[in-house]
Amino acid sequence: MEQRSLGRSGLTVSALGLGCMGMSEYYGPGDDTESVATIHRAIELGVTFLDTADQYGVGRNEELVGRAVKGRRDKVVIATKFGFIRGPNGERLGISGKPDYVKSACDASLKRLGVDVIDLYYQHRVDPQTPIEDTVGAMADLVKAGKVRFLGLSEAAPQTIRRAHKVHPIAALQTEYSLFSRDVEDEILPAVRELGIGFVAYAPLGRGFLTGGIKKAESLATDDFRRVSPRFSDENFGRNLELVRTIEALAKERGCKPSQIALAWVLSRGNDVVPIPGTKRRAYLEENAAAAGIRLGAADFERLEKAFPKGAAAGERYAAAGMQTLNI
């Protein structure tokens, strides 16, 4: 697996990472045994950049990742996040970037992961009630204490990224990026490139839509959060399915999977862009990993550009409450 540098930070990761969120929440029932096997297979394939967060499964996902990497710690780069406060029963209690909370959240993540240091520690969402300088100052203290190696932000606005970067170098910005979600190309990607910050693309498969495997929203599990996602709603689903047909046709011609075309496109956006497709199954992991070997040609790019101009996808990325936490 190709390695990529996250900006000028000095942190090198696999060109494709593995999003672990769905193993514990949001995408229907999980299977811990298969999930651990998926992480082990990822490491075998060189997909060694693992992404989790303290809120996924209310801590269970970090525990799962911790079990999976036991005895393999030196082979992986672990990224986790803080910011969303969840109650013991999963209640959503808001967002915090308060310095004391940052430090207590880090200690809790280290314990759940069973590691001595977190390789990349993100603020999951910006807390509008806490100056970013205070939050990143506390994160910088964690670096000084040897608990964290590199710092990151997620879904932050360009001006916030600039302010944060003045306090302590930011290694990576994580934001949604795919053929469905290209708004980062306007201001965010230019800003992080100017500052020497790497870009980690989550949901590079449009939450599974771009794989061509979802033909109707009713096929999703009843507790799958995509059932309330605007892009999967009755009014938008058909329009978005039409877009996917372009990828399916191109994949058929190339003799590969639609998911591999979608990932190859994200990988082509620059050597500082690292997509982290999520999966909880080895079969899909292997398909995703193979996308790193696909090279799209000029005619392919032209065809995809025509089908997927910015704003082509119908519906917002999140429901209204989620949209309010973005680009702060």
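Per chain, the residues get numbers from 1 upward, laid out in the order the sequence is written. Totals for whole chains, interfaces and linings use every residue, but because this is a predicted model, local features are given only for residues with pLDDT of at least 70 and side-chain atom pairs only at 80 or more, for both listing and counting. Only heavy atoms go into the side-chain values, all of them from the structure, while hydrogens and water stay out.

The protein appears in an unreviewed UniProt entry as Aldo/keto reductase from Pseudolabrys taiwanensis.

Before going further, it helps to spend a moment on the overall build of the protein. Numbering of helices and strands runs from the N terminus, with a helix taken as a DSSP run of H or I at least four residues long and a strand as a DSSP run of E at least two residues long. In terms of regular secondary structure, the protein is built from 11 helices and 12 strands. Our radius of gyration is a C-alpha quantity, and the globule rule it is checked against amounts to 2.2 Å times the number of residues to the power 0.38. Computed over its C-alpha atoms, the radius of gyration of the protein comes to 19 Å, within 12% of the 20 Å expected for a compact globule of 328 residues. Only protein chains enter the accessibility calculation, which uses a 1.4 Å probe; a residue whose area is less than 20% of its type maximum is buried, one above 50% is exposed, and one in between is partly exposed. In the protein, which comprises 328 residues, the share counted as buried stands at 59%. By definition, residues are in contact when any of their heavy atoms lie within 4.5 Å. For the protein, long-range pairs separated by at least 24 residues make up 76% of all intrachain contacts whose partners lie at least 6 apart in sequence. Per-residue accessibility takes into account occlusion by the displayed protein chains alone, with areas from the Shrake-Rupley method and a 1.4 Å probe. Total accessible area on the protein stands at roughly 13600 Å², and carbon and sulfur atoms take up 50% of it. Charge assignment: positive for Lys and Arg, negative for Asp and Glu; neither His nor the chain ends contribute. Taken as the charge centre is NZ of Lys, CZ of Arg, CG of Asp or CD of Glu, depending on the residue. Taken as two groups, the 45 positive and 42 negative side-chain charges of the protein have centres that lie 2 Å from each other.

Bringing the side chain of S14 into the picture now. As for its placement among the helices and strands, S14 is situated in strand 2 (residues 12–14). Within the structure, the side chain of S14 is placed 2.7 Å from the backbone oxygen of L16, a separation counted as a polar contact. Within 3.5 Å is the distance limit for a polar contact, defined as a pair of N or O atoms, with the added protein rule that one can donate a hydrogen and the other accept it, and that residues adjacent in sequence qualify only through two side-chain atoms. A polar contact is formed between the side chain of S14 and the backbone nitrogen of T48, at a distance of 3.2 Å. Setting aside residues up to four positions removed in sequence, S14 forms contacts with M1, E2, Q3, G46, V47, T48, F49 and V274.

Here R282 lies in helix 9 (residues 282–290). On a C-alpha basis, the gap between R282 and A42 in space is 8.0 Å, while along the polypeptide they are 240 residues apart. With sequence-adjacent residues up to four places away left out, R282 is seen in contact with E34, A37, T38 and R41.

With that out of the way, let us pick up the UniProt feature "domain: NADP-dependent oxidoreductase" (unreviewed entry) in the protein. As annotated by UniProt and renumbered to match this structure, "domain: NADP-dependent oxidoreductase" (unreviewed entry) occupies residues 16–306. Taken as a whole, residues 16–306 contains 41% helix and 15% strand, while its terminal C-alpha atoms sit 26 Å from one another. UniProt positions are given in the numbering used here, feature names are shortened, and annotations may be inferred rather than shown by experiment.

In this section: unusual backbone geometry. Unusually for a residue other than glycine, Y26 sits at a positive phi of about 80 degrees. Take Y26: it is sitting in the loop between strand 3 (17–19) and helix 1 (32–45). Classification of Y26 as buried rests on a relative accessible area of 14%. We note that A203 has phi near 50 degrees; this positive angle belongs to a residue other than glycine. Along the polypeptide, A203 turns up in the loop between strand 11 (198–202) and helix 7 (234–254). Look at A203 and you get buried, because its relative accessible area is 15%.

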